[in-house]
Amino acid sequence: LKENSLSEIKSASDTKKINDIRVHVLGKKGPITEVLRGMRDLPADERPKVGSFANKVRDEISEAITQRRDELEIAKTADKLEQEKIDVTLPGVPVKQGQPHVLEQVIDQIEKLFLGMGYQVVDGPEVEEDHYNFEMLNLPKDHPARDMQDTFYITNSILMRTQTSPVQARTMEKHDFSQGPLKMISPGKVYRRDTDDATHSHQFHQVEGLVIDKHITMADLKGTLQQLAKNLFGEEREIRMRPSYFPFTEPSAEVDVSCFKCGGKGCAVCKYTGWIETLGAGMVHPNVLKMAGIDPEIYGGFAFGLGPDRFAMLKYGVNDIREFYLNDVRFLEQFSQKG
Ligand code: FA5
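Residues numbered from 1 in each chain as written. Predicted model: local features only at pLDDT ≥ 70, side-chain atom pairs only at ≥ 80, totals over all residues. Heavy atoms only, no water.

**A short note on empty space enclosed by the protein**
By the definition in use, this model includes one cavity of 30 Å³ or more. Its boundaries defined by the atoms lining it, the largest cavity holds a volume of some 50 Å³. As for the largest cavity, its lining consists of Phe 134, Leu 139, Ala 145, Met 148, Gln 149, Gln 163, Phe 246, Pro 247 and Phe 248. Among the residues making up the lining of the largest cavity, the classes are represented as seven nonpolar, two polar and no charged. (1 Å grid on protein atoms, 1.4 Å probe; cavity = no way out; pocket = protein on both sides within 12 Å on 5 of 7 lines; lining within 4 Å. Points joined across faces, edges and corners; volume = space filled by probe spheres on them. Nonpolar A, V, L, I, M, F, W, Y, C, P; charged D, E, K, R; others polar.)

**Digging into the nonpolar core**
Grouped together as the largest cluster of nonpolar side chains are 38 residues, with contacts concentrated most on Ile 110, Leu 225, Leu 228, Leu 279, Phe 304, Phe 311 and Phe 324. Phe 304 has contacts with Phe 114, Val 207, Glu 208, Gly 209, Leu 221, Leu 225, Leu 279, Gly 280 and Ala 281, leaving out every residue within four places of it along the chain. (Core = buried A, V, L, I, M, F, W, Y, C linked by side-chain atoms within 4.5 Å. Buried < 20%, exposed > 50% of the residue type's maximum accessible area, 1.4 Å probe, protein only. Contact = heavy atoms within 4.5 Å.)

**Regarding the pairing of strand E6 (residues 239–246)**
In this structure, E6 lies alongside strand E7 (residues 249–258), joined through seven bridges in antiparallel fashion. Note on E7: the bridge partner recorded for Met 241 is Val 255. Between E6 and E7, which pair antiparallel one after the other, the connecting turn spans two residues. (Pairing = 2+ DSSP bridges. Helix = DSSP H or I, 4+ residues; strand = E, 2+ residues; numbered from the N terminus.)

**Looking at the packing of aromatic side chains**
Scanning all chains against the criterion turns up nine aromatic pairs. A ring pair is formed by Phe 114 and Tyr 119, whose centres lie 4.8 Å apart and whose planes are at 70°; its orientation type is edge-to-face. For Phe 114, a relative accessible area of 0% corresponds to the buried category. Of the aromatic side chains, those joined through ring pairs into one cluster are Phe 114, Tyr 119, Phe 302 and Phe 304. One cation-aromatic arrangement involves Arg 170 over Tyr 132; the distance from NZ or CZ to the ring centre is 4.1 Å. (Phe/Tyr/Trp six-rings, centres within 6.5 Å; stacked < 30°, edge-to-face > 60°. Lys NZ or Arg CZ within 6 Å of the ring centre and 35° of its normal.)

**Digging into the layout of surface pockets**
Empty space within the largest pocket amounts to approximately 560 Å³. Among the elements of the structure, helix H7 (165–174), strand E5 (203–213), E7, strand E8 (275–284), strand E9 (300–306) and helix H11 (308–316) are those that each provide at least two residues to the lining of the largest pocket. Looking at the lining of the largest pocket, the element that brings in the most residues is E8, giving five residues. Residues that form the lining of the largest pocket fall into these classes: ten nonpolar, 14 polar and seven charged.

Written out as structure tokens, the structure is:
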């Protein structure tokens, strides 16, 4: 039995076979167990002899099994390593590297500029309450100016925000002026039931800006926006402010940026006037301050809301706002930051 088993173990070619042999020879119903079990029928003086012999055979077989199993495992691992060998000298497959979307790049640049001027960047919800999107901004229900921003309503009082201005309402409400003035910007997505065309999208971006302190004037607003235009579009750019109307600012202005060096691709968005409308702004309306719990006799400030999509069009001479949302890699790759 021993010789047979040992030679079978030696020639076993996989671990399953080894296991079969172990069960067959050493298992509960195997011959060795049988011998050991049968010992009670033997005369007492023969028991130790037979017992130690059977145990010795069992130990030898068991050791041979362990040894063979180890050999097979090692061979298997070596085989696997051989098969999975990697030739590190082969040329690699280049990994396609992504980059921030061009709108993200423009928003980043705006954030950096304002952070440098001591503003904080504040987030707000895109699914907003009518209360913050309109009412707190001096636009009560049925106010005709609501028509200026055709709205996606979810329920009577919940909507997709049409502007980033609700974030200023939310921030004003919470601000503690004993800690200093309020200076914030709030970038994010906004939604309107506008028909998509070359300069309008039903979902676009805005960056809200707000400063509230004592003695803030329209000159502070103009200086800030001039700084913004020059930082984004180049030192040679100018801005102009045209009287306008927003319910939450008084006076209000529409702000245009000059299309310097007309004749380049940028001219297409500038048409023939030499100016492009980029943002709305004004001095925060006393009603808006009051609703947020701020005394308009003491504090005042300016606010603006700009469209990074229009900024990006002007900066890079993109003629159609829809390009930003088609996600054609060939278009997006043109704005690689790799230099
Ligand atoms: C507003 O949304 C005001 N909340 C801005 C504001 C903030 C005024 C604070 C005063 C004080 P308006 O609807 O004009 O204003 O939009 C602001 C900017 O968003 C526009 O100048 C334009 O750049 C951009 N914009 C507006 N509608 C669209 C659209 N459908 N697609 C792309 N950009 C748009």
